[in-house]
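What follows is the residue order along each chain.
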There are 2 protein chains.
Amino acid sequence: MAHEFDEQTRRQLQWSVGYAIEHVPHYSVLANFGGSGWIEQLDQKVFSSLPLTTKGDLRAYPMLAMSAVPQSELVRVLATSGTTGPAVLSGETANDATASAETIASAIRQIGLAEGSLVAVLHGTDRLADAQALQRGVVRAGCVAFPLSGDLRPQHLDQIVYGAVQCICATPSQMIALHDAMGRAGFDPRDTALEFALLGGEPMSDALLQWIERVFDIAVADIYGLAELGGPGVAMGQGPLTVTPHRFLAEIVDPDTGQSLVSGEPGELVLTSLATEAFPVLRFRTRDIAMRQPDGPNGEQRISRIQGRLDDIVELRGERILPTRIEAEILAIDGLTPHYRIVRLRDGDLDRARVEVEGLAGVEPLTERLHGQCSDAFTVQLVEPGSLPRSTGRMIRCVDVRGC
Amino acid sequence: MAHEFDEQTRRQLQWSVGYAIEHVPHYSVLANFGGSGWIEQLDQKVFSSLPLTTKGDLRAYPMLAMSAVPQSELVRVLATSGTTGPAVLSGETANDATASAETIASAIRQIGLAEGSLVAVLHGTDRLADAQALQRGVVRAGCVAFPLSGDLRPQHLDQIVYGAVQCICATPSQMIALHDAMGRAGFDPRDTALEFALLGGEPMSDALLQWIERVFDIAVADIYGLAELGGPGVAMGQGPLTVTPHRFLAEIVDPDTGQSLVSGEPGELVLTSLATEAFPVLRFRTRDIAMRQPDGPNGEQRISRIQGRLDDIVELRGERILPTRIEAEILAIDGLTPHYRIVRLRDGDLDRARVEVEGLAGVEPLTERLHGQCSDAFTVQLVEPGSLPRSTGRMIRCVDVRGC
């Protein structure tokens, strides 16, 4: 984020803040936040002092009460997946839906997918918001949307293998499960018409992205979003992610203090909508961890790929470790697969963690790397290939059995 | 169906037959079916002698090979749910999608739902084709689509109860499961904002329809379709179903001989597309059982609600019984619930069937009715409330354990 907003961002922010205050009861208390006329004087410093919005704030209101428009102006209501608590409702106007579809369409054009390509969307039951938005984007890009559910029944596999699917939208862990299912069915994952994958919904290490690119022989781009903000389309890219210009403003804050981080250190991604009609949000805490990256050539905001979620940090004897760091270590070792999970345990008063990973060899080198890079409190256990659960959507990588 | 086509139907049929022959390899063999110029002379008699198309025919071709347009002209590819074998792919052009959405929108307007109403779509993973089409229809009718998956997690229930949902799209068995889930959660199903349900995807007896209307205090309309024909929107209505004019032609045939039935007796519904661009079908055997009904006031074709599927007929000592007939008998008895299943058994050389039903009383009167109305080969077994599986989509009502 530039030290000061450029003029267009400042104008859009003024609009969005004023609009939210006028139309959303939760934000109306900000009317006199900075004295009279404070929105006209909105600058970086004043903006950074606005209170953060949390998922808990959204949950505190009756359903749809965070909407800035009457229900009759919505075209669609979406619920978050509710993986970490009760679902939160969001929704969109026809303009919001069009803007979101156009953003996704531009991502599809950017990866170089030809018009008329078949794009399978694997997001299922638990990711309906994403599935909907992605399909509209696919159609808008002149491609053909092919909704499949995430449970990868044999007929879905056939359709990916024989159905000439050129691009797949999924979570990273669904790609791992797909690779596994193809192997079991005797298909070579490199021997399909697949050229691209648009992945999102889960943190992914560089190592996993490269593994997916290699084993499928495809190019992977990342598409980031949240149901609360209209689904995918908040940021996307191959490599660093570009925050969608004129639609979202990104900040990285220290999750403990809420202070903006201006350097490139990891922190919590905080998003503000700049043009959303139905459910505007100001400084929304995503609980996702990312880093600022240098701006793009036209001044676009850039952030790193999502490194993890605040909820998933493994805190081990003072050290805070993200599962993606462990994932990267696993994928650096021959003989190990990306099928893994992290089990939190307690020995007496001491916390420790066991990394369970499917493979045929590699315990010693992985243990060595984890002790050297992360913490001595890790142990590694090889488990039988096929024994860990497969992803049908979002994968739970950390299991905490300390209370058991 | 009128004894002879009216002029508009004849013209549309000529277009559709000619179009299918020209663009779909499977139908190209019909080019010389009735001698030169046979399409110009197409009448009821010639049409009824065209070969029937089966799901097996569709499966015999590589994926998308039944499409009449190049892949680049499709906007969406849909797979059938694959509940009775490998999935079949279908798809739609932008025009097909618009026509289908308009049909569904008109059904929504007809039931009297106010613009801006929130319409929850419960079709999940196994009914993606339906879910997509219904949502587009909802938006086109000026209402707000609210996709929910069919697994009825507590947050979904909350959203239906507190989220001011006015209409629900679901299968009949999902409504039974919803009633049950509300009861367990302590909600009164009559105490919601629900006014209407648009149900489809499963046969439903009049008795079940009335049960649903009563326990939820809502009006129920039926919306019928098949993924092979673009999803819901083939026929709909409260009471008899109106076949969508200018889009589909319906026949009822004897499932054993394939001969058209002109009287009102039950037979297999056979459908021909009149305007479909992407996947036209001629005389497609749906395997669904229905009856002809008198034409509507403007000559619209009408059929009964779907009575059952050919695959689900319980043949018992020469008697062919549809599960909906048993369902009706169950719902006529106080103390029984619509949670039931039919288990096929063999005693030595004799086939019999056990009706398992959740309830507190009613074995004797139900046994008496089934013996009187259906067959002596039925036994009835009360099972504990909550012990039978709940529907998350399409419910399997018949279990065959004769080979076990």
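Since we're looking at a predicted model, the values are computed, not measured.

Colleague: Just to check I follow, could you spell out the UniProt feature "domain: AMP-dependent synthetase/ligase" (unreviewed entry) in chain A for this structure?
Modeller: UniProt records the feature "domain: AMP-dependent synthetase/ligase" (unreviewed entry) at residues 165-272 of chain A, using the numbering of this structure. The span residues 165-272 of chain A is 22% helical and 37% strand by assignment, and the distance between its end C-alpha atoms comes to 35 Å.

Colleague: What is the right way to read the sheet that holds strand E12 (residues 284-290) of chain A from this model?
Modeller: The strands making up a sheet are joined through hydrogen bonds of the backbone, oriented either antiparallel or parallel. Overall, antiparallel pairing links the four strands, which are arranged E10-E11-E12-E15 (chain A) in an open sheet. Edge positions in the sheet fall to strand E10 (248-253) and strand E15 (308-309) of chain A, since each of these pairs with one other strand and no more.

Colleague: I tried to follow the environment of Leu198(B) on my own but got confused; where do I start?
Modeller: Residue and element names in this part refer to chain B. Looking at the element boundaries, Leu 198 is found in strand E6 (residues 196-199). Sequence separation between Leu 198 and Ala 170 is 28 residues, and the spatial gap between their C-alpha atoms is 6.7 Å. If sequence neighbours within four positions are ignored, Leu 198 has contacts with Ile 108, Ile 111, Cys 167, Ile 168, Cys 169, Ala 170, Ala 221 and Ile 223.

Colleague: Please explain the interface of chain B and chain A as it appears in this structure.
Modeller: Often the size quoted for an interface is simply the accessible area lost on bringing the parts together. Opposite the 37 residues of chain B that make contact, chain A presents 37 residues. Each partner contributes to the roughly 3000 Å² buried at the junction of chain B and chain A, and carbon and sulfur atoms together form 59% of this total. Taken together, chain B and chain A are joined by zero salt bridges. Put simply, chain B and chain A have eight residue pairs in polar contact (both at pLDDT 80 or more) between them. At the level of elements, strand E1 (74-79), helix H6 (128-140), strand E4 (144-147) and helix H7 (154-162) of chain B are the ones that each hand at least two residues to the side of chain B that touches chain A. By residue class, the composition of the side of chain B that touches chain A is 18 nonpolar, 14 polar and five charged.

Colleague: What am I meant to see in the sheet that holds strand E21 (residues 398-400) of chain B here?
Modeller: Residues and elements named next belong to chain B. Read across the sheet, four strands follow the order E20-E19-E18-E21 without closing on themselves; strand pairing throughout is mixed. Strand pairing shows two members of the sheet lacking a second neighbour, strand E20 (378-383) and E21, which therefore form its edges. For this sheet, the mean angle separating the axes of adjacent strands, direction not counted, is 25 degrees. Inspection of the sheet shows strand E18 (residues 336-347) paired to strand E19 (residues 350-359) by nine bridges, in the antiparallel sense. Bridge assignment links Arg 346 to a residue of E19, and that residue is Asp 351. Packing against the sheet, helix H10 (residues 323-331) makes contact with E18, E19, E20 and E21, and its axis sits at approximately 130 degrees to E18.

Colleague: Whenever I open this one, the pattern of salt bridges confuses me. Can you help?
Modeller: It is possible for side chains bearing opposite charge to pair when their charged atoms get close. Per the counting criterion, the structure on display carries 50 salt bridges over all chains. Across the salt bridge formed by Arg320(A) and Asp256(A), the nearest N and O atoms sit 3.6 Å from each other. With Arg320(A) in strand E17 (residues 319-321) and Asp256(A) in the loop between E10 and strand E11 (267-273), this residue pair connects regions lying 64 residues apart in the sequence. For Arg320(A), a relative accessible area of 44% translates into the label partly exposed. Note on Asp256(A): relative accessible area 59%, which makes it exposed. One salt bridge in this structure joins Asp222(B) and Arg305(B), with 2.9 Å as the shortest N-O distance. Of this pair, Asp222(B) sits in strand E7 (residues 219-226) while Arg305(B) sits in the loop between strand E14 (302-303) and strand E15 (308-309), and the two are 83 residues apart along the sequence. Like Asp222(B), the residue Arg305(B) is buried in the burial classification. Among the ionic contacts, a cluster of salt bridges with common partners joins Arg344(A), Arg346(A), Asp351(A), Asp400(A) and Arg402(A).

Colleague: Whenever I open this one, helix H11 (residues 363-373) of chain A confuses me. Can you help?
Modeller: Think of an α-helix as turning once every 3.6 residues; residues three or four places apart then point the same way. All names here are of chain A. Along H11, the residues that are buried comprise Leu 366, Thr 367 and Leu 370. Considered in projection along H11, the buried side chains sweep an arc of 100 degrees and stay on one side of the axis. In H11, those exposed residues whose orientation departs by more than 90 degrees from the buried face are Glu 364, Glu 368 and Gly 372. Among the structural elements, helix H10 (323-331), strand E18 (336-347), strand E19 (350-359) and strand E20 (378-383) are those in contact with the buried residues of H11.

Colleague: What am I meant to see in the domain arrangement of chain A here?
Modeller: All names here are of chain A. Segmentation of chain A into domains returns domain 1 (53-310) and domain 2 (313-400). The C-alpha centroid of domain 2 is placed 26 Å from the C-alpha centroid of domain 1. Opposite the 26 residues of domain 1 that make contact, domain 2 presents 16 residues. Between the two partners, domain 1 and domain 2, sit two salt bridges. Connecting domain 1 to domain 2 are 10 residue pairs in polar contact (both at pLDDT 80 or more). Elements represented by at least two residues in the side of domain 1 that touches domain 2 include exactly helix H8 (172-184), helix H9 (206-216) and E15.

Colleague: Even after reading the chapter, I still don't get the packing of aromatic side chains, so can you show me in this structure?
Modeller: Residues and elements named next belong to chain A. All told, the structure shown has eight aromatic pairs over all chains when counted by the stated rule. Measuring from centroid to centroid gives 5.6 Å for Tyr 162 and Phe 187, while their planes differ by 85 degrees, and the two rings are edge-to-face. Taken together, the residues Tyr 162 in helix H7 (residues 154-162) and Phe 187 in the loop between H8 and strand E6 (196-199) connect sequence positions 25 residues apart. Its relative accessible area of 53% is what places Tyr 162 among the exposed residues. The ring of Tyr 340 carries the charged tip of Arg 397 above its face, separated from the ring centre by 4.1 Å.

Colleague: Sorry, what's going on with the confidence of the model for chain A here?
Modeller: Segments scoring low in pLDDT should not have their predicted coordinates read at a detailed level. Chain-level pLDDT for chain A is 91 on average; 98% of the residues reach the 70-or-more range. Per-residue pLDDT, averaged within each element of chain A, yields its smallest value for H7(A) (81) and its largest for E11(A) (98).

Colleague: Would you mind showing me how to read H10(A) here?
Modeller: The element H10(A) is largely enclosed, with a buried count of seven among its nine residues. Looking at H10(A), one finds that the buried residues are Pro323(A), Thr324(A), Ile326(A), Glu327(A), Glu329(A), Ile330(A) and Leu331(A).

Colleague: Mind showing me how you'd approach the relation of the copies chain B and chain A here?
Modeller: The two copies are related by a screw operation: chain B maps onto chain A through 180 degrees of rotation and 0.0 Å of translation along the axis, at an RMSD of 0.0 Å. Taken together, the turn and the small shift mark the pair as related by a two-fold rotation axis. Counting the interface residues of chain B, we find that 100% of their copies in chain A are interface residues as well, pointing to one common contact surface.

Definitions and cut-offs
- Residues numbered from 1 in each chain as written.
- Chains lettered and ligands numbered in written order.
- Predicted model: local features only at pLDDT ≥ 70, side-chain atom pairs only at ≥ 80, totals over all residues.
- Heavy atoms only, no water.
- UniProt positions renumbered as here; feature names shortened; annotations may be inferred.
- Helix = DSSP H or I, 4+ residues; strand = E, 2+ residues; numbered from the N terminus.
- Pairing = 2+ DSSP bridges.
- Contact = heavy atoms within 4.5 Å.
- Buried area = accessible area lost by both parts, 1.4 Å probe.
- Salt bridge = Lys/Arg side-chain N within 4 Å of Asp/Glu carboxyl O.
- Polar contact = N/O pair within 3.5 Å; in protein donor to acceptor, adjacent residues only side chain to side chain.
- Nonpolar A, V, L, I, M, F, W, Y, C, P; charged D, E, K, R; others polar.
- Axes fitted to C-alpha atoms, helices over the stretch in contact; angles between N-to-C directions.
- Buried < 20%, exposed > 50% of the residue type's maximum accessible area, 1.4 Å probe, protein only.
- Arc of directions from axis to C-beta.
- Domains from an automatic or database assignment.
- Phe/Tyr/Trp six-rings, centres within 6.5 Å; stacked < 30°, edge-to-face > 60°.
- Lys NZ or Arg CZ within 6 Å of the ring centre and 35° of its normal.
- pLDDT = per-residue confidence, 0-100.
- Least-squares fit on C-alpha atoms with pLDDT ≥ 70 in both.

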